[in-house]
Structures are given as structure tokens and as C-alpha cells.
Amino acid sequence: MNSIEVKNLKRIYRATTGVIRRTTKEIVAVDDVSFEIKEGELFGLLGPNGAGKTTTVKVLATLLIPDAGEVRVKGLDIVKDANEIRKHIGFIFGGERGLYWRLSAIDNLRYFASLYHVDPEISKKRIPYLLDMVGLNGRGDERVQGYSRGMKQRLHVARTLLHDPDILFLDEPTIGLDPVGAREFREVIRNLQSEKKTILLTTHYMFEADSLCGRVAVIDKGLIVALDTPSALKKHVSDLSVVEVETFGVAEEVVEKIRNLPFVDALSVKDQDQRQLLLVQTKLGAEAVPDVMAALDGMRVGRVTVREPTLEDAYVRLVGGQV
């Protein structure tokens, strides 16, 4: 049984520009998107900034009305039955907003439980359970302003689960978290899945999608360009190797020079503190290293490695080298 069904979804934003001669420009954020999410599935939605991920999630969460297409959540129409759908869904977003910092975690949850119209006797039992589930047992009486960012994000989860929704939308929930906080939050997501919740996760972290999601859809420029299991998507790059080159202050024209080499399938750049990591996808493997290094002549270079491709490399190929 499908918890979510999306057919030919389209969403357009209209932006007005100019002062004297004002013109209206249409921006297609989501264009003819279709997918289904099974009951109890953890489904990933991946894509670069501006690809349409958050717009899609907001439509599913009844925060935006689609311009075209049919969207059903638990068999209910997203427009006609929005109020009924809201009883069954929860929306968790990245960042620290949405909590009252001068209140304790317990007082925050009591307040939001009243907004969700949760019976006080039920919330009295449910709040300790939720704090324990998200790893905040024993910290509920502390003011939220003293929480770390990761703890605040886990409290967001507890708040969203107060009315025990069947479906959760997690929009880049680990963004900005330190590695320990992100790891702990991923464990919370796994706990949610063990409770048979249906989860839609958007993320920029490919290893996160690889380890958590049963299936992932890659969206680019408002279109679904791939939809499959992480292992199946990796087959898109099974014919490639990845040359990783650590550089210090590489110029954009040098990056473009490497990108235009005839044996380069795709290239992406990762910023790491004062360094950049060039990820060159090529069928040549180690044989490509001399030409890549020649293009970097005069640049300060660190380690150079050749490895097998990952889900992130498949993603880079699918979206044309964007990160």
C-alpha cells in the first residue's frame, strides 16, 4: 500500500521584477514530477540547491498548493482534504527555529501538545517516552537555550511526534550539525523507521541517503532524473573510477581546464577548510592522473588517490557535475 502518491506534480513561482516597467517572470520549481512512497518506507529525495526538493516537500506537507498534477497522502487529496491530512503528518526542518528557548524541553512539548489538541493525560505519558526515544532522557527540565544544536534538532523530532503521525517529512534535518550530532540524529531516524513510520528525507549528504534510504529519487531542475535503490543507482557509475586530488587554492579556470579534458566524464569540487578536493570521474582510472596533474602544474597539491565510485559519484553524474 502506498502512503504517498505523486502524479505529474507541477509548481510554478511568479516573481515580479523592475520598478517602472514591472514584469512578471514564471519560475518552474517542480515540473511533471511523479513517484510513490510505500507505507513504512524511508524514501530519499536528492538534488542540488534550487532543484525542487523543498517545494515538493512543502506541497506534500500541505504548505503549498500545486499548480497541476495529483497528490494523495494516505489516499486523501492534498488540496481537498488538507485538514484531514495534517492529522497524519509531521514536518521536521533543518535549523534551530521553532522552539521556545527560555522554556524547558518538557514545557515546550506540553505547549505544542496543547496546540496539537493532544489529550493532557496522553501527553503526560507520551512526553517522557519521546524524550527517551530521541536521547534526551534526564535533560527535559533544562532550558532549551542551553542545548546544543543537535539536541535542539532531536527535540524538534519529539515535538513533531506528539500527535503520533504516520508520515514524516524531514527536510535536510542534519544540515549544520557537527559530525557527532549528525550521527546521533541519524540513529533517531533509524528508530523512527523501526516504528514503521513512512519517512521522506531530503539531504545533500549522499552517504546519509545511502545508509538510511531504501529508495532514492534524484531531482534536477524540477525533474526526476533517476529513481531506484542506492545500490542500483551506483551502477550508473560502475564503468568509472574517481581520481581525488587535494589542492590548496585552485583557480576556477584550472577547474574548467580539467573539466574539458576529453577523458573526464564529470568533475565536482568540495571545499574542506583551506583546501579543495577535486573529484574527477573517468574511465581511465589511474591512467588519468598524469594529465590531471599536468593541468594543475604550478598549483599546490596534496594527496592523490584513485577509488571506486560511490552514491555521491552517481549523483554527480546524474546532475551534470553539480554539488
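Quick note: structure is the one above.
These remarks concern the structure in this document. (Residues numbered from 1 in each chain as written. Predicted model: local features only at pLDDT ≥ 70, side-chain atom pairs only at ≥ 80, totals over all residues. Heavy atoms only, no water.)

### As for the overall build of the chain
Here is the rule: Numbering goes from the N terminus for both helices and strands, where a helix is a DSSP run of H or I of at least four residues and a strand is a run of E of at least two. Here the term buried applies to any residue with accessible area under 20% of the maximum for its type, exposed to any over 50%, and partly exposed to those in between, with areas from a 1.4 Å probe on protein chains only. Contacts are assigned to residue pairs that have any heavy atoms within 4.5 Å of one another. Using a 1.4 Å probe, accessible areas were evaluated by the Shrake-Rupley method; residue-level cover was limited to the displayed protein chains.
A tally of helices and strands in the chain yields eleven helices and 14 strands. Its C-alpha atoms put the chain at 70 × 50 × 50 Å along the principal axes. Burial statistics for the chain: of 323 residues in total, 48% are counted as buried. Within the chain, residue pairs in contact and separated by at least 24 positions form 71% of the contacts whose partners lie at least 6 positions apart. Accessible area of the chain: about 16,100 Å², with a carbon and sulfur share of 49%.

### Side note on the side chain of Thr55
Along the chain, Thr55 turns up in helix H1 (residues 53-60). Not counting residues within four places of it along the chain, the set of residues in contact with Thr55 comprises Arg11, Tyr13, Ala29, Val30 and Leu64.

### Comments concerning the pairing of strand S3 (residues 42-46)
Cut-off, in case you're wondering: Pairing between strands requires that DSSP locate at least two bridges from one strand to the other.
Burial runs high along S3: five of the five residues are buried. Alternating positions in S3 separate into two faces, Leu42, Gly44 and Leu46 on one and Phe43 and Leu45 on the other, with burial throughout. Where S3 meets strand S8 (residues 198-202), four bridges bridge the pair, whose relative direction is parallel. Across the sheet, Gly44 pairs through a bridge with Leu201, a residue of S8. The pairing of S3 with strand S9 (residues 215-220) spans four bridges and is parallel. Bridging across to S9, Gly44 finds its partner in Val216.

### Things to note about the packing of helix H5 (residues 149-160) against helix H6 (residues 179-194)
Defined as follows: Angles shown run from 0 to 180 degrees and are taken between the N-to-C directions of axes, each axis being a line fitted to C-alpha atoms and, for helices, limited to the stretch in contact. The labels follow the angle: roughly parallel below 35 degrees, roughly antiparallel above 145, roughly perpendicular from 65 to 115, and oblique for the rest. When the near helix sits turned anticlockwise from the far one by under a right angle, the crossing is termed left-handed; a clockwise turn instead gives a right-handed crossing. Residue classes follow a fixed rule: Ala, Val, Leu, Ile, Met, Phe, Trp, Tyr, Cys and Pro count as nonpolar, while Asp, Glu, Lys and Arg count as charged, and any other residue, Gly among them, counts as polar.
At their nearest, the axes of H5 and H6 sit 10 Å apart, and the two run at 15° to each other. When the axes of H5 and H6 are compared, the pair comes out roughly parallel. Viewed along their axes, H5 and H6 form a crossing whose handedness is right-handed. Side by side, H5 and H6 meet where Gln153, Arg154 and Val157 of the first sit next to Glu184, Phe185, Val188 and Leu192 of the second. Here the residues of the contact of H5 with H6 sort into four nonpolar, one polar and two charged.

### Examining the sheet that holds strand S2 (residues 23-38)
Each strand in a sheet pairs with another by means of backbone hydrogen bonds, the pair being arranged parallel or else antiparallel. What the four strands build is an open sheet, ordered S2-S1-S4-S5; its pairing is antiparallel. At either end of the open sheet lies a strand with only one pairing partner, and these are S2 and strand S5 (76-77). Seen against the sheet, H1 touches strand S1 (2-17), S2 and strand S4 (68-73) and runs at an angle of roughly 120° to S1.

### Observations concerning the sheet that holds strand S13 (residues 275-282)
Spatially, the four strands line up as an open sheet ordered S12-S13-S11-S14, and their pairing is antiparallel. Each of the sheet's edge strands pairs with one partner strand only, and the pair in question is strand S12 (264-272) and strand S14 (301-307). Direction aside, neighbouring strands of the sheet carry axes that sit 15° apart on average. Taken together, the eight bridges between S12 and S13 define a ladder with antiparallel strand orientation. Residue pairing for S13: Gln272 is matched across the bridge by Arg275. Across the face of the sheet, helix H9 (residues 252-259) comes into contact with S12 and S13 while running at roughly 150° to S12. Relative to S12, helix H11 (residues 311-318) is tilted by about 115°, and along the sheet it contacts strand S11 (241-247), S12, S13 and S14.

### Brief notes about H5
Counted only if it meets this: Multiplying 1.5 Å by the helix residue count minus one yields the expected span of that helix.
The terminal C-alpha atoms of H5 lie 17 Å apart, and with twelve residues this matches the ideal 16 Å at 1.5 Å per residue to within 8%. Of all twelve residues in H5, eleven are buried; the element is thus mostly enclosed. Buried residues of H5: Gly150, Met151, Lys152, Gln153, Arg154, Leu155, His156, Val157, Ala158, Arg159 and Thr160, and no others. Summarising the contacts, the buried residues of H5 are in contact with strand S6 (89-93), helix H3 (105-115), helix H4 (120-133), strand S7 (167-171) and H6.

### What to know about the side chain of Thr174
To be explicit about the condition: Counted as a polar contact is a pair of N or O atoms within 3.5 Å, where, for protein atoms, one must be capable of donating a hydrogen and the other of accepting one, and residues adjacent in sequence contribute only when both atoms are in side chains.
Within the fold, Thr174 resides in the loop between S7 and H6. Here the side chain of Thr174 touches Glu208 through a polar contact of 2.9 Å, side chain to side chain. Sequence-distant contacts of Thr174, defined by excluding residues within four places in its chain, comprise Ala182, Phe185, Tyr205 and Glu208.

### Here we look at the pattern of salt bridges
Heads up, the rule is: Here a salt bridge means any side-chain nitrogen of Lys or Arg lying within 4 Å of a carboxyl oxygen belonging to Asp or Glu.
Per the stated rule, a full pass over the model turns up 24 salt bridges. Two residues, Arg126 and Asp164, come together in a salt bridge whose shortest N-O distance is 3.3 Å. Of this pair, Arg126 sits in helix H4 while Asp164 sits in the loop between H5 and S7; the two residues are 38 residues apart in sequence, bridging distant segments of the chain. Given the relative accessible area of 40%, Asp164 is considered partly exposed. The shortest N-O distance in the salt bridge between Lys283 and Asp239 comes to 3.7 Å. Separated by 44 residues along the polypeptide, Lys283 in the loop between S13 and helix H10 (289-295) and Asp239 in the loop between helix H8 (230-234) and S11 bring together distant segments of the chain.

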